[in-house]
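Residues per chain are reported as follows:
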Amino acid sequence: MDMILLLTVLIVIFAVVFDFINGFHDTANSIATAVSTKALTPRRAILLAAVMNFVGAMAFTGVAKTITKDIVDPFALDNGSVVILAALLAAITWNLLTWYYGIPSSSSHALIGSIAGAAIAGAGFAALNYSGFLAILQALIFSPILALVVGYLMYSIFKVVFKNHNLTKTNRNFRLIQIATAALQSFSHGTNDAQKAMGIITMALIVNNYQTSDDVQLWVQATCALAMALGTSIGGWRIIKTVGGKIMKIRPVNGVAADLTGAAVIFGATLIHLPVSTTHVISSSIMGVGAAHRVKGVQWGTAKTMLITWLITMPISALLAAMFYVLLNLVM
């Protein structure tokens, strides 16, 4: 096996591993509220999330194309295979560390920061596609702010509409609705998160001259969709506990408002081909809903820990990727 083929195979393997880890790392994003309110048992919630993640991943490819060409230009990337492999190793390392400690960090921030860091280590700052990279950064920054605002407004509307309804009966009805909103949120998660690994594999195929366009091949799409679904089926219990209970005490009506908000913001980003952090969006949705319900009911200490993790993820991932790039060049 020649070196180019070997590197391509390794990239595909590690991209699938990243997608699998992303599945159990981010499972909490789409089902934590449903589990917290007992709308679904953990087993059923995870099964639902796995199926809907797979369906969502097979439905779109726009975000994958953005990852392929908007951070760096794969057609002009020197030593591209080593850059991509280093980025994957860094993103996987950071995802596993944050999963182990139960911190809902962003897989998207980790991957995008890693690609940028490895590319800069390999070819300097000129390697970045600044217009595309800045557009992605803007989406990552503004999507959680939008989710916070929409979540606040969504729950404020719910409070007005349902203020005269019997609380017990309303909660029972909203538990049923929450099954549908959890499915919707899992679908939106698949439309955005699973495509990031598809974009990485497509980038590797381009830099190694196995294809000449940014189209995502069907086998790439199916493999990544399956990897994320399998990862989701494992579950991410550490993070589920944080998202589902440590931000605020979630009732069914809160869960529905947060689910609808998260799904709307994520799916909106998918439609305009921009990757966003599902972790950031959904956690911010819950905070917005919590603030509308009762500001003091939100555990802002947990939110502060999340915010710090969000801020440090991209630079740390970039640094890790640069280190992996240097190490890989030493051993190859």
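Everything here concerns the structure above.
These numbers come from a predicted model, not from an experiment. (Residues numbered from 1 in each chain as written. Predicted model: local features only at pLDDT ≥ 70, side-chain atom pairs only at ≥ 80, totals over all residues. Heavy atoms only, no water.)

A. Summary view of the overall build of the protein. Check the secondary structure of the protein and you find 13 helices and zero strands. For the protein, the α and β elements follow one another from N to C terminus as α-α-α-α-α-α-α-α-α-α-α-α-α. By the compact-globule yardstick of 20 Å for 332 residues, the protein fits well, its C-alpha radius of gyration being 20 Å. When the backbone C-alpha atoms are referred to their principal axes, the protein occupies close to 70 × 35 × 35 Å. With 332 residues in all, the protein has 58% of them scored as buried. Counted over contacts in the protein with a minimum sequence separation of 6, partners at least 24 positions apart contribute 87%. Only carbon and sulfur atoms are counted for the fraction: they give 70% of the accessible area of the protein, which is about 13600 Å². For the protein, the distance from the average site of its 19 positive side-chain charges to the average site of its 10 negative ones is 30 Å. (Helix = DSSP H or I, 4+ residues; strand = E, 2+ residues; numbered from the N terminus. Rg over C-alpha atoms; globule rule 2.2 N^0.38 Å. Buried < 20%, exposed > 50% of the residue type's maximum accessible area, 1.4 Å probe, protein only. Contact = heavy atoms within 4.5 Å. Areas by Shrake-Rupley, 256 points an atom, 1.4 Å probe, with all protein chains shown as cover. Lys, Arg positive; Asp, Glu negative; His and termini not counted. Charge placed at Lys NZ, Arg CZ, Asp CG, Glu CD.)

B. Structural detail: helix α11 (residues 252-271). Along its 20 residues, α11 runs 28 Å from first to last C-alpha, staying within 8% of the 28 Å computed at 1.5 Å per residue. Most of α11 is tucked away, with 15 of its 20 residues classed as buried. Immediately downstream of α11, the backbone of H273 shows phi near 65°, a positive value. (Expected span 1.5 Å × (residues − 1).)

C. Up close: the pattern of salt bridges. In total, this model carries three salt bridges according to the counting rule given. Ionic pairing is found between D215 and K65, a salt bridge with its closest N-O pair at 3.2 Å. Here D215 is found in the loop between α8 (194-207) and α9 (218-234), whereas its partner K65 is found in helix α3 (residues 62-69), with 150 residues between them in sequence. For D193, the salt bridge identified is with K196, shortest N-O distance 2.6 Å. Overall, K196 belongs to the buried group, its relative accessible area being 2%. (Salt bridge = Lys/Arg side-chain N within 4 Å of Asp/Glu carboxyl O.)

D. Region of interest: the packing of aromatic side chains. Enumeration over the complete set of coordinates arrives at five aromatic pairs. An angle of 75° between the planes, with centres 5.6 Å apart, marks the rings of F60 and F267 as edge-to-face. Of this pair, F60 sits in the loop between α2 (42-59) and α3 while F267 sits in helix α11, and the two are 207 residues apart along the sequence. For F267, a relative accessible area of 26% gives the class partly exposed. Between F187 and F267, the ring centres sit 6.2 Å apart and the planes meet at 45°, which makes this aromatic pair tilted. Within this pair, whereas F187 is found in helix α7 (residues 167-192), its partner F267 is found in helix α11, the two being separated by 80 residues in sequence. Each member of the aromatic cluster is reached from another via a ring pair, and the members are F60, F187 and F267. (Phe/Tyr/Trp six-rings, centres within 6.5 Å; stacked < 30°, edge-to-face > 60°.)

E. Broad picture of the environment of W300. Mapping W300 onto the fold places it in helix α13 (residues 300-331). Taking C-alpha positions, W300 is 8.7 Å from M287, a pair spaced 13 residues apart along the chain. In contact with W300, other than residues within four places in its own chain, are M287, A291 and V295.

F. Main features of the packing of helix α4 (residues 80-100) against helix α5 (residues 107-123). Two elements in contact, α4 and α5, have axes separated by 8 Å at closest approach and are oriented at 145°. The element α4 and its partner α5 pack so that their crossing is right-handed. Contacts between α4 and α5 involve V83, A86, A87, L88, A90, A91, W94 and N95 from the former and S107, A110, L111, S114, I115, A118 and A119 from the latter. Taken together, the residues that form the contact of α4 with α5 break down as 12 nonpolar, three polar and no charged. (Axes fitted to C-alpha atoms, helices over the stretch in contact; angles between N-to-C directions. Left-handed = near helix turned anticlockwise from the far one by under 90°. Nonpolar A, V, L, I, M, F, W, Y, C, P; charged D, E, K, R; others polar.)

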